[in-house]
Amino acid sequence: MGQKKDLTGSEKSKIVRYLAEGCSTLKIAKLLKRDHRTIKRFIQNSQQGRKKRVEKPRRKITARELRKVKRTAAKMPLATSFAIFQSCNITGVPKSTRCAILRDMAKVRKAEKRPPLNKTHMLKRQDWAKKYLKTDFSKVLWTDEMRVSLDGPDGWARGWIGKGQRAPVRLRRQQGGGGVLVWAAIIKDELVGPFRVEDGVKLNSQSYCQFLEDTFFKQWYRKKSASFKKNMIFMQDNAPSHASKYSTAWLARKGLKEEKLMTWPPCSPDLNPIENLWSIMKCEIYKEGKQYTSLNSVWEAVVAAARNVDGEQIKTLTESMDGRLLSVLAKKGGYIGH
């Protein structure tokens, strides 16, 4: 005789409904054309519920082993709990216990991102700090580009999800779904821009200079007084399109040369205050895990975020430069983490 089929979901629902109506198991079996014993077994199993989990005795960790775990965790900050305990030759400890032990002595944090600095970079950073230590930074125009993607940073898509609720779905597309390249600058308490680089344009020396001509020079710089232009110092990083001979010569023809064009040390985004402005704007653009479906919509979000930036916030960033230079000198050219 072949094995009988299990009760289907529909049959189980009918059994519950018939029981609620006061039908006996025998009557239910006749209605469903099922064996009486199958119906009784289903009802008995349902009434018993889930079996309680038997707690296994947990392995006790000695004080000596705890000290060993703490030392190993300090040496291997990005290792898993299993790898840390395995390195300590501590076996037989379940994951929940390992994590509970580590939570008492540490906290899960993301690794900090920083540029790779060698000795030459650090010496150049120190020389830069000494050169500009007496500079009036309220007259420096700090510039930079930022790419804004449609999907946004993955690490920000976290939140409090209620019990029994499903986490919201996030789009995940190649290259973040595409994005727009934005150029902006800050000086004293003023935000210049943002200006959008035309979609599909790769910034080389020629296109970069043309972009500055069409946006920065025509829309902002030419409106300034002669005394302002005489005292302003133009800052840009060492991207190939910025530091090329073509771009340098072009800026020189615009009057931005020698002392009016700030030299910039290599691998030093931490020294540029506009990097902090990008962080402020991205928090606004991607708040509550927001994503975008078109390049125009993400550009509108950039413009809205720029409008919300307060002049005092910008002033705080530009006035932080004296402290940054002192920090670079104190750390002998090391990363300052602003």
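Since the model is a prediction, treat every value here as computed from it, not as a measurement.

So what exactly am I meant to see when it comes to the layout of surface pockets here?
Gaps between atoms show up when a probe of the same size as a water molecule is rolled over them. Taken as a whole, the second largest pocket spans an internal volume of roughly 540 Å³. Lining the second largest pocket are 16 residues, with Pro77, Ala79, Ala106, Lys107 and Val108 sitting closest to its centre. Sorting the residues of the lining of the second largest pocket by element identifies α5 (81–87) and α6 (95–105) as the ones contributing at least two each. Top element by residues in the lining of the second largest pocket is α6. It accounts for four residues. Here the residues of the lining of the second largest pocket are counted per class, giving ten nonpolar, two polar and four charged.

Honestly, the packing of aromatic side chains in this entry has me stumped. Any pointers?
Given two aromatic rings, one states the distance between the centres and the angle between the planes to describe the pair. Using the criterion set out here, one finds 15 aromatic pairs in the structure. For the ring pair tryptophan 128 and tyrosine 132, a centre distance of 5.8 Å and an interplane angle of 50° mean the geometry is tilted. Judged by relative accessible area, which is 3%, tryptophan 128 ranks as buried. Put simply, the rings of Trp183, Phe195, Phe211, Phe216, Phe217, Trp220, Tyr221, Phe228, Phe234 and Trp250 touch in pairs and so form one group of aromatic residues. Looking at arginine 17, its charged tip hangs above the ring of tyrosine 18, at a distance of 5.4 Å from the centre. The cationic tip of lysine 224 hangs over the ring face of phenylalanine 228; the distance from NZ or CZ to the ring centre is 5.4 Å.

How should the pattern of salt bridges be read in this particular structure?
For side chains of opposite charge, pairing can occur when their charged atoms come near one another. Within the structure shown, the criterion is met by eight salt bridges. For the salt bridge of aspartate 270 with arginine 125, the shortest nitrogen-to-oxygen distance reads 2.8 Å. In this pair, aspartate 270 is assigned in the loop between α11 (245–253) and α12 (274–285) and arginine 125 in helix α7 (residues 119–131), connecting sequence segments 145 residues apart. The same class applies to aspartate 270 and to arginine 125, which are both buried. A salt bridge links aspartate 136 to lysine 139; the nearest nitrogen and oxygen atoms lie 3.9 Å apart.

Is there a simple way to think about the pairing of strand β1 (residues 140–149) in this case?
A regular strand carries its side chains on alternate faces of the sheet. In terms of residue burial, β1 counts as a mostly covered element, since nine of its ten residues are buried. Sheet topology places β1 next to strand β4 (residues 233–235); three bridges connect them, and they run parallel. Across the sheet, the residue bridging to tryptophan 142 is methionine 235, located in β4. Sheet topology places β1 next to strand β2 (residues 179–187); eight bridges connect them, and they run antiparallel. When the sheet's bridge partners are listed, tryptophan 142 is paired in β2 with isoleucine 186.

Would you mind showing me how to read the pairing of strand β3 (residues 190–196) here?
Inspection of the sheet shows β2 paired to β3 by five bridges, in the antiparallel sense. Note that in β3 the partner of isoleucine 186 across the bridge is leucine 191. Where β2 hands over to β3, the hairpin turn is made up of two residues, of which lysine 188 adopts a positive phi near 55°.

Quick question: what am I supposed to make of the side chain of aspartate 144 here?
When you line up the elements, aspartate 144 lands in strand β1. Of the side chains bearing the opposite charge, lysine 282 lies closest to the buried aspartate 144, which forms no salt bridge; the N-O distance is 9.1 Å. Looking at aspartate 144, its side chain comes within polar contact range of the side chain of tryptophan 278, at 3.1 Å. Those residues within four positions of aspartate 144 in sequence are excluded, and the remaining contacts are Val182, Trp183, Ala184, Asp237, Asn272, Ile274, Glu275 and Trp278.

Calculation criteria
- The written sequence of each chain sets the order in which its residues are numbered from 1.
- Owing to the predicted nature of the model, reporting of local features is limited to residues with pLDDT of at least 70; listing and counting of side-chain atom pairs is limited to 80 or more, with chain, interface and lining totals taken over all residues.
- Computation of side-chain values: all heavy atoms of the structure, hydrogens and water removed.
- Grid points spaced at 1 Å and placed over the protein atoms alone form the basis of the search, with a cavity being a set where a 1.4 Å probe fits but cannot get out and a pocket an open set showing protein on both sides within 12 Å along at least five of seven lines. Lining residues have an atom within 4 Å of a point.
- Grid points are joined across faces, edges and corners, and a volume is the space filled by probe spheres set on the points.
- Numbering goes from the N terminus for both helices and strands, where a helix is a DSSP run of H or I of at least four residues and a strand is a run of E of at least two.
- Gly counts as polar in this scheme, as do all residues outside two lists: the nonpolar Ala, Val, Leu, Ile, Met, Phe, Trp, Tyr, Cys and Pro, and the charged Asp, Glu, Lys and Arg.
- Note on aromatic pairs: the rings of Phe, Tyr and Trp (six-membered ring only in Trp) are paired at centre separations within 6.5 Å, and the planes decide the class, stacked below 30 degrees, edge-to-face beyond 60, tilted for the rest.
- Note on exposure labels: buried denotes an accessible area under 20% of the residue type's maximum, exposed denotes more than 50%, and partly exposed covers the range between, all computed with a 1.4 Å probe on protein chains only.
- Two conditions define a charge sitting above a ring: the NZ of Lys or the CZ of Arg must be within 6 Å of the ring centre, and it must be within 35 degrees of the ring normal.
- The working definition used for a salt bridge is a side-chain nitrogen of Lys or Arg within 4 Å of a carboxyl oxygen of Asp or Glu.
- Whether two strands pair comes down to DSSP finding at least two bridges between them.
- Two residue types count as positive, namely Lys and Arg, and two as negative, namely Asp and Glu; His and chain ends fall outside the count.
- Whenever two N or O atoms come within 3.5 Å, that pair is a polar contact, provided that in protein one can donate a hydrogen and the other can accept it, and provided that, for residues adjacent in sequence, both atoms are side-chain atoms.
- Two residues qualify as a contact provided that any one of their heavy atoms is within 4.5 Å of a heavy atom in the partner residue.

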